[in-house]
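Examination of the molecular architecture
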Amino acid sequence: MTGSLPPLTLVIGGARSGKSAFAESLVLGSGRARRYVATAEARDDEMRARIARHRRERGDGWMTVEAPLQLPEALAQVGRDEVVLLDCATLWLTNHLLADHDLVAETGKLIAALTTCVAPVVIVSNETGWGIVPENALARRFRDEQGRLNQRLAAEAGLVVTVIAGLPMVLKGALP
């Protein structure tokens, strides 16, 4: 995939849908210097293994910035000649939810940072609203907040793609 990306692209899908791999292909096709902004925290052995596997699969040529909470600050450091892969909005939201931060305020800061970023940003997020209603209050709050965040991101994005079973489907805009 080659071509010019809009200022903001949202790639959304379910768990293990292929959304990260598709987002990486968009970034690789841009021909720009690649910056990977990671929101995952290695809190246990399984997550450490996942992070290591993602790094191996991505390969060389990526500048990696770990920003589990500080996405606006990370986006402010991006250069005009770069393209950003932000993976993922879901873990960023989870980190703020578990830290009991003001999600409305944090989302507002993120949207502002995305709209003023000097380079194209491809952001990966999970679609969590297609499953059953969770049985506990925290899980229901997370699902609701994730849905709200995804709607805000999609409204700002020039390109929105959902990935299902590894297959991309454009919801908004056109692929480069």
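Here we summarise the structure given alongside this text. Computed from a predicted structure; not experimentally measured. (Residues numbered from 1 in each chain as written. Predicted model: local features only at pLDDT ≥ 70, side-chain atom pairs only at ≥ 80, totals over all residues. Heavy atoms only, no water.)

1. Focus: the environment of V163
As for its placement among the helices and strands, V163 is situated in strand β6 (residues 159-164). A residue is classified by how much of its surface remains accessible, and V163, at 1% relative accessible area, is buried. For V163 and I12, which are 151 residues apart along the polypeptide, the C-alpha to C-alpha distance reads 6.3 Å. Other than its neighbours up to four places away in sequence, V163 contacts V11, I12, G13, G14, S17, G18, K19, F22 and P168. (Helix = DSSP H or I, 4+ residues; strand = E, 2+ residues; numbered from the N terminus. Buried < 20%, exposed > 50% of the residue type's maximum accessible area, 1.4 Å probe, protein only. Contact = heavy atoms within 4.5 Å.)

2. As for the sheet that holds strand β7 (residues 167-172)
With mixed pairing, the seven strands of this open sheet are ordered in space as β3-β2-β4-β5-β1-β6-β7. The sheet is open, and its two edges are formed by β3 (62-66) and β7, each paired on a single side. Averaged over all neighbouring strand pairs, the angle between strand axes comes to 20 degrees, with direction disregarded. Bridge count between strand β2 (residues 33-38) and strand β4 (residues 82-87): six bridges; the pairing is parallel. Paired with R34 across the two strands is V83, which belongs to β4. (Pairing = 2+ DSSP bridges. Axes fitted to C-alpha atoms, helices over the stretch in contact; angles between N-to-C directions.)

3. Overview of the environment of P6
Note on placement: P6 falls in the segment before β1 (8-13). It is 9.3 Å that separates the C-alpha atoms of P6 and A119, two residues lying 113 residues apart in sequence.

4. Some words on the nonpolar core
Counting 29 residues, the largest nonpolar core has L75, L86, L114, V121, I123 and L153 as the members making the most contacts within it. Those elements giving two or more residues to this core turn out to be β1, α3 (71-76), β4, α4 (89-98), α5 (103-116), β5 (121-126) and α6 (137-156). Counting residues per element, this core draws most heavily on α5, which supplies five residues. With residues up to four places along the chain from it excluded, the contact list for I123 reads L8, T9, L10, V11, L86, A89, L114 and L153. Counting 17 residues, the second largest nonpolar core, distinct from the first, contains L26, C88, V122 and V161. (Core = buried A, V, L, I, M, F, W, Y, C linked by side-chain atoms within 4.5 Å.)

5. Some details on the packing of aromatic side chains
Enumeration over the complete set of coordinates arrives at one aromatic pair. Ring centres of Y36 and W62 lie 6.1 Å apart, and the angle between their planes is 85 degrees; on these two criteria the pair is classed as edge-to-face. Placement of the pair is Y36 in strand β2 and W62 in strand β3, with a sequence separation of 26 residues. A relative accessible area of 6% means that Y36 is categorised as buried. (Phe/Tyr/Trp six-rings, centres within 6.5 Å; stacked < 30°, edge-to-face > 60°.)

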